[in-house]
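Residue-level listing of the chains:
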Amino acid sequence: MASVTGLLLVLFGACAIETGASIGKYEVKRGCESVYMMGFLDSIWSTLLYLFLLWSGSEVWRFSSDSLPTFTIRAVLDVLQAHITVLAISKADRSTFGFIRIGTIPLLLIVDIALGYAFTGMQLIGMGVIVFSLLLLLMRRTMRMNGIGFVLISTVNAVATLSLYKYDIAHWNSVAAEQIPVLVLLLLYFLIMARVRCGERVLAQMWQPMLLLQSLAVGVGTVTVSYGYLLLPASLATTVVRSGSLLWSIVSGNLLFRERSFWLKILAAVLCIGGLALLAR
């Protein structure tokens, strides 16, 4: 039951995050926000939702000083990850972003095996099917390379940040205690960068309807995905997140940004969803 709940949480969260990311890319393209404002908007409602959960008693604050070595490394890498990710979102095609980020999965699988998680043969086949769909697109050269460097860096760095996050909440900290300090650090970083580099008044502009929808979608998605990781191995949770994001990124990329090779990408996405079904067994 915990696995089913975890799958539903991360699948819903992935779709919500992808919705917010697509809105953010569209608004950056229109010149309505910078990548720094996008980073701030991606963090603000996640922080407020975690604080609400603490205030309501639905979550507890449990932070162990023993986690400081891994937590500190994770916090530094998360700032890098957030910065690189908003650049990747703004510069790369949505479908390219979705497909390349699937590369995180086999790397996380290696980490999960090292941490002692057991996987069935079907789950391993499912992951293989998902990776095959990515190779299909690469061989057919249907993905544009704009911003590909940022996507690759965020893909590899995600292995470290997600593994450290999973380790901390499994051994030391509650989800809220692990996430809130990192999110506050991100808020301060992007707030300063948006003001100094672009002269944006983020706190005043964030209430515009589209920007508010963008930040709420990412905020809700981030929180639900975080709790999903509590119930699932990191590689399995990331597989669901990447697959859900992938399907929506193909649709949004075609509808909003007129990306090409729609039907081949849909075929590859169907393979990903088939892999996801094997993972859930």
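Residues numbered from 1 in each chain as written. Predicted model: local features only at pLDDT ≥ 70, side-chain atom pairs only at ≥ 80, totals over all residues. Heavy atoms only, no water.

**Quick look at the overall build of the protein**
At step 1: Per the secondary structure count, the protein includes 12 helices and 0 strands.
At step 2: The order of helices and strands in the protein, counted from the N terminus, is α-α-α-α-α-α-α-α-α-α-α-α.
At step 3: Excluding contacts between residues fewer than 6 apart, the proportion of contacts in the protein whose partners are at least 24 apart in sequence is 87%.
At step 4: For the protein, the computed accessible surface area is about 12,400 Å², with 72% contributed by carbon and sulfur atoms. (Helix = DSSP H or I, 4+ residues; strand = E, 2+ residues; numbered from the N terminus. Contact = heavy atoms within 4.5 Å. Areas by Shrake-Rupley, 256 points an atom, 1.4 Å probe, with all protein chains shown as cover.)

**Comments concerning helix 7 (residues 148-171)**
At step 1: For helix 7, spanning 24 residues, the distance from its first C-alpha to its last is 35 Å, which sits close to the expected 34 Å at 1.5 Å a residue.
At step 2: Of all the bends in helix 7, the greatest, near 30 degrees, is centred on N157. (Expected span 1.5 Å × (residues − 1). Bend = angle between axes of the 7 residues up to and from the residue.)

**Considerations on the pattern of salt bridges**
At step 1: In the structure shown here, the tally under the stated rule is 3 salt bridges.
At step 2: With a shortest N-O distance of 2.7 Å, D78 and R74 are connected by a salt bridge. You can see D78 and its partner R74 sitting in helix 3 (residues 68-91), 4 residues apart, about one turn around the helix. Just as D78 is buried, R74 falls in that class too.
At step 3: Taking the shortest distance from any N to any O, the salt bridge between E178 and R74 comes out at 3.0 Å. Of this pair, E178 sits in helix 8 (residues 175-198) while R74 sits in helix 3, and the two are 104 residues apart along the sequence.
At step 4: With relative accessibility at 0%, the residue E178 sits in the buried group.
At step 5: Given a relative accessible area of 5%, R74 falls into the buried group.
At step 6: The network of salt bridges with common partners includes R74, D78 and E178. (Salt bridge = Lys/Arg side-chain N within 4 Å of Asp/Glu carboxyl O. Buried < 20%, exposed > 50% of the residue type's maximum accessible area, 1.4 Å probe, protein only.)

**Focus on the confidence of the model for the protein**
At step 1: Taken as a whole, the protein shows an average pLDDT of 81; of its residues, 80% reach a score of 70 or greater.
At step 2: Confidence, expressed as mean pLDDT per element, reaches its minimum in the protein at helix 4 (residues 94-100) with 64 and its maximum at helix 8 with 93. (pLDDT = per-residue confidence, 0-100.)

**Focus on the nonpolar core**
At step 1: In this structure, V10, F40, Y50, L186, F190 and Y229 are the most contacted members of the largest nonpolar core, which totals 50 residues.
At step 2: The greatest single-element share of this core, amounting to 10 residues, is contributed by helix 8. (Core = buried A, V, L, I, M, F, W, Y, C linked by side-chain atoms within 4.5 Å.)

**Some words on the packing of helix 7 against helix 8**
At step 1: Where helix 7 contacts helix 8, the axes come no closer than 9 Å and their chain directions differ by 140 degrees. The angle between helix 7 and helix 8 places the two elements in the oblique class. Listed contacts from helix 8 to Y165, D168 and I169 of helix 7 are V175, E178 and Q179.
At step 2: In the contact of helix 7 with helix 8, the residues fall into 3 nonpolar, 1 polar and 2 charged. (Axes fitted to C-alpha atoms, helices over the stretch in contact; angles between N-to-C directions. Parallel < 35°, antiparallel > 145°, perpendicular 65-115°, else oblique. Nonpolar A, V, L, I, M, F, W, Y, C, P; charged D, E, K, R; others polar.)

**Remarks on the packing of helix 3 against helix 7**
At step 1: Running from N to C, helix 3 and helix 7 point in directions that differ by 145 degrees, and their axes come no closer than 8 Å. Classified by chirality, the crossing of helix 7 by helix 3 is left-handed.
At step 2: For the contact of helix 3 with helix 7, the residue count by class is 15 nonpolar, 6 polar and 4 charged. (Left-handed = near helix turned anticlockwise from the far one by under 90°.)

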